[in-house]
Amino acid sequence: MVRAQARFVCQQCAAMYPKWTGRCDSCGAWNSLIEELPREGPPGGIGKRTLDRRSGRSLGFVGLTGPSMLPARRQTGIVELDRVCGGGLVPGSAILVGGDPGIGKSTLLLQAAAAIAPPTEERPAELKERHPTAAYITGEEAIDQVRMRAERLGVTASPMLLAAASNVRDIVASLDREDTPDLVVVDSIQTMYLDTLDSAPGTVSQVRAAAQELIRLAKRRGFVLVLVGHVTKEGVIAGPRVLEHMVDTVLYFEGERGHQFRILRAVKNRFGATDEIGVFEMSDRGLVEVSNPSALFLAGRPAAGHQASGVVGADGEEDEGAESSGGQINGSAVFAGMEGTRPVLVEVQALVAPTVLGTPRRAVVGWDGTRLAMITAVLDARCGLSVGANDIYLNVAGGLRIVEPAADLAVAAALVSALTERPVPADTVVFGEIALSGDIRPVGHTESRLKEAAKLGFTEAWMPIRRGKRSEAAVAPGFKAAPMSHLMELIEHLAPARSPLGPLPRQRRIGVAS
Ligand code: TYD
Ligand code: MG
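Here the structure is a predicted model, which is why all the values come from computation and not from measurement.

Q: If you had to explain the pattern of salt bridges to someone new, which residues and values would you point to?
A: The tally for this structure, following the rule as stated, stands at 21 salt bridges. Where Asp179 meets Arg177, a salt bridge forms, and the shortest distance between an N and an O atom there is 3.2 Å. A residue is classified by how much of its surface remains accessible, and Asp179, at 37% relative accessible area, is partly exposed. Arg177 sits in the partly exposed class, given a relative accessible area of 38%. The residue Arg265 makes a salt bridge to Glu254 at a minimum N-O spacing of 2.9 Å. With Arg265 in strand 10 (residues 261–269) and Glu254 in strand 9 (residues 249–254), this residue pair connects regions lying 11 residues apart in the sequence. Each member of the salt-bridge network shares a partner with another, and the members are Glu80, Arg83, Glu276 and Arg342.

Put into structure tokens, the structure is as follows:
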């Protein structure tokens, strides 16, 4: 008889090997092979119903329209979550929520479940008679732990269902009914296992099979399935990449350690855009929605139009090194950005210091390091500065990660301001894309950016030239635009050749190449 042979499966890419090796040849991951025993019988299908044993029948093709439309999206009432999901949760869909341990995934989902299943007396009349509409299944924590959290969040009155389980067969048996809840949270998929497989929970084959079984049930019964996924050291959801392909929506919950706020970001969404973010603040009573993120990201900075008398020293560390003149900080520029459909103002901070090493240091938080190299090269080559020879530290305040090219000009402004020790005026926002020639290119959503800036008390924008568009004064009365077409104009604004502040610091070559 042939003995069932053990095989080694890469936990990152699911490649299979007959022998253990330290490095997966297929994806290059180190130490990712785990021994798994092969499956008995065909894959999937723990219920007889799910597997059609007949040899296949012809499909009944249909048209694009039909009498039974999909049920409407289910709003949780947590606006930031609904927006990231594209305007509510789609019944029958599967959502994967990833994030570092302790970031608040369980908290967010317990709050969402409680919001979907409010106490009977608080329900709208048409839902009064319905069964409890959310279930929370935890494989990580004990019931008492979840109850304690619910108490802290003040949601104990919610009639949602709670269970501690990790066997997928039990979960399927409990949920495969007429009156399934509208929302089922499974925390986390790495703790779930199928007893038809031999490998341990959390291995590639278990995670894949358990997710497949749960997703199939969600589609059949029409509930929203939310799977919590762990994240590896490298920041991707642990387990097979295929998990991300199997679900309809992938959300990442992220935030900087030591910062209060958390950002929910969609990286894949079959039912909506992926450029929306939801902003939350972790409080002692759970996550609180932040509907005006600009105010949050700019907290701790001198308010626009005022001197720095009332600075709230939330992030004191970067202020210490920078000398300020008139209460304004060198090396700081406010970027008027867009996150999806929403304008968000954030502060870009730069510190430029003479290098003591052979190779200048670069440390970038919240932005793309390659893009920084490009901007410094353009500043050096097109404007005659020598930024690139210095150590550069660049930070997007508040833990936001910016991907928009429109941030180029704000980064350049922060760098030039740090180098020349001239502050960007506190009531000015900056945005625009920089070309390799040093030209400043127009970007989209100018009006939204300006409106948001005006709303927060800013009065001036350094921005690309727009042709044939409404004037900025029409966007907000009293708002001034300083359109620029080349980086040289930015330098002119920050450090005018005949500056009343006297000559520029001598140790740095700032002279404009003629
Ligand atoms: P949790 O939801 O358990 O994180 P995850 O499921 O992503 O691992 O969040 C735990 C953290 O959140 C923990 O460090 C404590 C903090 N927290 C609060 O600050 N306030 C609260 O009301 C709750 C419930 C948690
Ligand atoms: Mg958790």
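On we go.
Q: Account for the sheet that holds strand 2 (residues 16–17), naming residues and giving values.
A: Pairing is antiparallel across the open sheet formed by three strands, whose spatial order is 2-1-3. Looking along the sheet, the strands with just one partner apiece sit at the ends: strand 2 and strand 3 (33–36). Two elements, strand 1 (residues 7–10) and strand 2, share two bridges in a ladder whose sense is antiparallel. In the strand pairing of strand 2, Phe8 is matched with Tyr17.

Q: Quick one: what's the story with the packing of helix 2 (residues 105–116) against helix 3 (residues 143–153), residue by residue and with numbers?
A: Closest axis-to-axis distance for the helix 2/helix 3 pair is 11 Å, and the angle between their directions is 70°. Between helix 2 and helix 3, the interaxial angle falls into the category roughly perpendicular. Of the two elements, helix 2 crosses helix 3, and the hand of that crossing is right-handed. On the side of helix 2, the interface is formed by Ser106, Thr107, Leu110 and Gln111, while helix 3 contributes Val146, Arg149, Ala150 and Leu153.

Q: So what's going on with helix 11 (residues 446–455)? Residues and values would help.
A: In an α-helix, one turn spans 3.6 residues; hence positions three or four apart end up facing the same way. Among the residues of helix 11, those classed as buried are Thr446, Arg449, Leu450, Glu452 and Ala453. Considered in projection along helix 11, the buried side chains sweep an arc of 160° and stay on one side of the axis. At the exit of helix 11 stands Gly457, carrying a positive phi of roughly 95°.

Q: Before we move on, could you go through the sheet that holds strand 23 (residues 480–484) and cite the residues and values that matter?
A: The seven strands are arranged 17-18-16-15-19-22-23 in an open sheet whose pairing can be described as mixed. Looking along the sheet, the strands with just one partner apiece sit at the ends: strand 17 (362–365) and strand 23. Put simply, the sheet's adjacent strands are angled 25° from each other on average, direction ignored. As paired strands, strand 19 (residues 428–430) and strand 22 (residues 460–464) are joined by three bridges and run parallel to one another.

Q: An account of the site of ligand 1 is needed here, citing residue identities and associated values.
A: The local shell around ligand 1 holds 16 residues, among which Gly102, Ser106, Thr107, Ser283 and Gly286 are the closest. Lys105 is positioned such that a nitrogen or oxygen atom in its backbone is 2.8 Å from an oxygen atom of ligand 1. Between ligand 1 and Arg149, the relevant distance is 3.0 Å, taken from an oxygen atom to a side-chain nitrogen or oxygen of the residue. Contributions of two or more residues to the shell around ligand 1 are made by helix 2, helix 3 and strand 11 (277–283).

Q: Describe in detail the pairing of strand 17, supporting the description with residues and values.
A: Working note: regular strand, side chains alternate between the two faces of the sheet. Both strand 17 and strand 18 (residues 391–396) contribute to a ladder of four bridges, which runs parallel. Of the residues in strand 18, the one forming a bridge with Ala363 is Tyr393. In terms of handedness, the path from strand 17 via helix 9 (residues 369–383) over to strand 18 forms a crossover that is left-handed.

Rules behind the numbers
Every chain is numbered independently, its residues counted from 1 as its sequence is written. By the order in which they are written, chains take letters starting at A while ligands take numbers starting at 1. Where local features are concerned, this predicted model is filtered to residues with pLDDT of at least 70; where side-chain atom pairs are given and counted, the filter is 80 or more; whole-chain, interface and lining totals use all residues. The side-chain figures draw on all heavy atoms in the structure; neither hydrogens nor water molecules are used. Between Lys or Arg on one side and Asp or Glu on the other, a salt bridge is scored when a side-chain nitrogen of the former is within 4 Å of a carboxyl oxygen of the latter. Only protein chains enter the calculation, and the probe is 1.4 Å; a residue is then buried if its accessible area is under 20% of its type maximum, exposed if over 50%, and partly exposed in between. Secondary structure follows DSSP: runs of H or I at least 4 residues long count as helices, runs of E at least 2 residues long count as strands, and numbering of each begins at the N terminus. Only strands that DSSP links by at least two bridges are regarded as paired with each other. For every element, the axis is a line fit to its C-alpha atoms; helices are fit only across the contacting stretch, and the angle between N-to-C directions ranges from 0 to 180 degrees. By definition in this entry, angles of less than 35 degrees are roughly parallel, angles greater than 145 are roughly antiparallel, angles of 65 to 115 are roughly perpendicular, and the rest are oblique. Rotating anticlockwise by less than a right angle from the far helix to the near helix defines a left-handed crossing, while the corresponding clockwise rotation defines a right-handed one. Note on contacts: a residue pair qualifies if any of its non-hydrogen atoms lie within 4.5 Å across the two residues. Each direction from the helix axis to a C-beta atom contributes to the arc, which is the arc of those directions. For this description, a residue counts as near a given molecule or strand if any of its non-hydrogen atoms is within 4 Å of it. What qualifies as a polar contact is a pair of N or O atoms within 3.5 Å, subject to a donor-acceptor requirement within protein and to the restriction that residues adjacent in sequence count only when both atoms come from side chains. With the strands aimed away from the viewer, a crossover counts as right-handed if its path from the first strand over the helix to the second runs clockwise.

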